[in-house]
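Survey of secondary and tertiary structure
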Amino acid sequence: MTSWAVRGIELPFGTAPRQWWIGESGSVHDAPLPDAEPLPGRYLLAGLADAHAHPAVGPGPSGPVARDRSAAEDSLRAWARAGVTLVRDAGSPRGVVLDVEPGPGLPVLHAAGRFLAPPGRYFPELLGDPVPEPDLVRCGLAEIGRGASWVKVIADFPDLAAGTGPEPTYPIGAIADLTAAVHQAGGRVAAHSTTALASQLVAIGVDSIEHGPRLDEAAIADMASRGTAWTPTLCASLGQLDNPDLPPESRRKLEEARERLTELLPLAVRLGVPVLAGTDVVGSIPREVALLVQIGLEPAEALAAASTWPREYFAAAAASDIVTYHNDPRADPAELTRPAAVIVGGTRLL
Ligand SMILES: [Zn+2]
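Residues numbered from 1 in each chain as written. Predicted model: local features only at pLDDT ≥ 70, side-chain atom pairs only at ≥ 80, totals over all residues. Heavy atoms only, no water.

Turning next to the coordination of the zinc ion. On the protein side, the zinc ion has His52 (NE2), His54 (NE2) and Asp280 (OD) as donor atoms, found 2.1 to 2.3 Å from it. Along the chain, the residues donating to the zinc ion are arranged with the sequence spacing H-x1-H-x225-D. Here His52, found in strand E6 (residues 48-53), pairs with Asp280, found in the loop between helix H7 (248-271) and helix H8 (285-294); they are 228 residues apart in sequence, far enough to count as distant. When sorted by exposure, His52 lands in the same class as Asp280, which is buried. (Donors = N, O, S within 2.8 Å, 3.2 Å for Na, K, Ca; no water. Helix = DSSP H or I, 4+ residues; strand = E, 2+ residues; numbered from the N terminus. Buried < 20%, exposed > 50% of the residue type's maximum accessible area, 1.4 Å probe, protein only.)

As C-alpha cells, then:
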C-alpha cells in the first residue's frame, strides 16, 4: 500500500477539515486514489523537522560525548518513528554523519560535516582535529567535498584552557572568506554564536545563526532582508531553568536571556526571519515547540518553526512524509509525542 487517504485539519495553520489523497511520491490529489489506505488521526502535518540536531553526539556525565555512525543511525531511526522527517545535522565528530546512507525509515538528512573551531575552542572530544585560522577555508571546502551541504563554524566559544567566557574564535574576515568559498561551492554556513558577534556574522552573509541569544533588533532586521535563518535551540538554554540545582548566577543570566528572547523571537517571526526549531543535544521537538510558545510565538507559529518553515528553508522535496495526530498539537505541544500515524519518505513506520 503506497498511497494514503487523509481526512482532517492541515497543520500548522489550517482551520477546516478536508479530505485528500497522497501518492507514493508525495503528490497530493483531491480525488480518491485506488487502494489508498485511510490513516487515523484528525490533524495532519508533512512531518516534523529538527533544524539543529546532533545524531552523533550524546549527553555525558561531564559534557557531550561522541557517538559512532551506527549510533547516529539509531538516533535518526528513533526520531523518524517519532515523526521527524527532516533533520539538519549541525555538526558531528570527524563528520561521521556524512557516512550515513539514506534509506527507508530515515529522515531526509542535511549534514554539516565536522565542527570547525581552533584549538581549545570547542568540546575536545567532539572537535577532534582543531582547525587553525589559515586552514579554515580549506577545511570547510573539504567537508563540502565529502558531501556536506552545510558547514558548521564555531564562531565564538569559551577559551577552555583559560576558563574565560565566550569570545570570537576566528577573525570575522576569516569567517567571511569561509562563507564566500562555501557559497561558491554550493554549500551553506551555519554559525554557532552566543555573543554579540552574531550581528557581524549576519552582516558577512552566514546562512543561519545557531543559538543567537545576543542577537539584537538591528541584526534581526538585517536577517529578515537577507533571509538568514535563526535556530534558537531553547531546550539547550532556557530548558536549564527547570533544573532546581542550577547555580544562581546561571539562573540570573538565563532569565535575562529569556526576557530578551521574549521580545526578539516574536519580532523575528513578524519580520519574516525563518525561525527554526532545533533540539541540539539535550532537547526534543515537542519541548522546543512548547518553549517557543512560552516565549511568545503563537502555537501555530511555533509548530511551523518545527515543520513547514524548515521544510521551505531547506527546500525539502515533496516526498511522502505524513504525520497525523488525534488531538490538536496547537492546543498542547505534548500531543506531538503521540502521533497517530507516521509515514517517512513513503514508508509507514506507525
Ligand atoms: Zn549544537
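Having put the structure on the table, let's press on.
Right, let's get into a negative patch on the surface. Together, Asp216, Glu217, Glu255, Glu259 and Glu263 line one region of the surface with negative charge. With 3 residues, H7 is the largest single contributor of residues to the negative patch. With respect to the helices, strands and loops of the structure, Glu217 is situated in helix H6 (residues 217-226). Residue classification places Glu217 among the exposed residues on the basis of a relative accessible area of 55%. (Patch = residues over 30% accessible without salt bridge, like charges linked within 9 Å, V, L, I, M, F, W, Y side chains within 5 Å. Areas by Shrake-Rupley, 256 points an atom, 1.4 Å probe, with all protein chains shown as cover. Salt bridge = Lys/Arg side-chain N within 4 Å of Asp/Glu carboxyl O. Lys, Arg positive; Asp, Glu negative; His and termini not counted. Charge placed at Lys NZ, Arg CZ, Asp CG, Glu CD.)

Here we take up helix H1 (residues 69-81). In this model, H1 (13 residues) spans 19 Å end to end at C-alpha, consistent with the 18 Å of a helix rising 1.5 Å per residue. Residues of H1 that are buried: Ala72, Glu73, Ser75, Leu76 and Ala80. One face of H1 carries all of its buried residues, which in axial projection span an arc of 160°. Where H1 is buried, its residues meet strand E9 (84-89), strand E10 (108-111) and strand E19 (339-344). Just downstream of H1, Gly83 is the residue with a positive phi angle, here 100°. (Expected span 1.5 Å × (residues − 1). Arc of directions from axis to C-beta. Contact = heavy atoms within 4.5 Å.)

Our next topic: the side chain of Asp328. Looking at the element boundaries, Asp328 is found in the loop between strand E18 (322-325) and E19. Within polar-contact distance, the side chain of Asp328 engages the backbone nitrogen of Arg330 at 2.9 Å. What Asp328 contacts, discounting residues up to four positions off in sequence, is Leu11, Tyr43 and Glu335. (Polar contact = N/O pair within 3.5 Å; in protein donor to acceptor, adjacent residues only side chain to side chain.)

This brings us to the pattern of salt bridges. Enumeration over the complete set of coordinates arrives at 14 salt bridges. Here Arg114 ties to Glu143 by a salt bridge, and the two come within 3.9 Å at their closest N and O atoms. In this pair, Arg114 sits in the loop between E10 and strand E11 (115-116) while Glu143 sits in helix H3 (residues 136-145), placing the two residues 29 residues apart along the sequence. Given a relative accessible area of 15%, Arg114 falls into the buried group.

One open sheet accounts for 3 strands, arranged E6-E9-E10; its pairing is parallel. The sheet terminates laterally at E6 and E10, the two strands that pair on one side only. The average undirected angle you get between the axes of adjacent strands in this sheet is 15°. Sitting on the sheet, H1 touches E6, E9 and E10, and the angle it makes with E9 is about 140°. (Pairing = 2+ DSSP bridges. Axes fitted to C-alpha atoms, helices over the stretch in contact; angles between N-to-C directions.)

Purely geometric numbers; function is a separate question.
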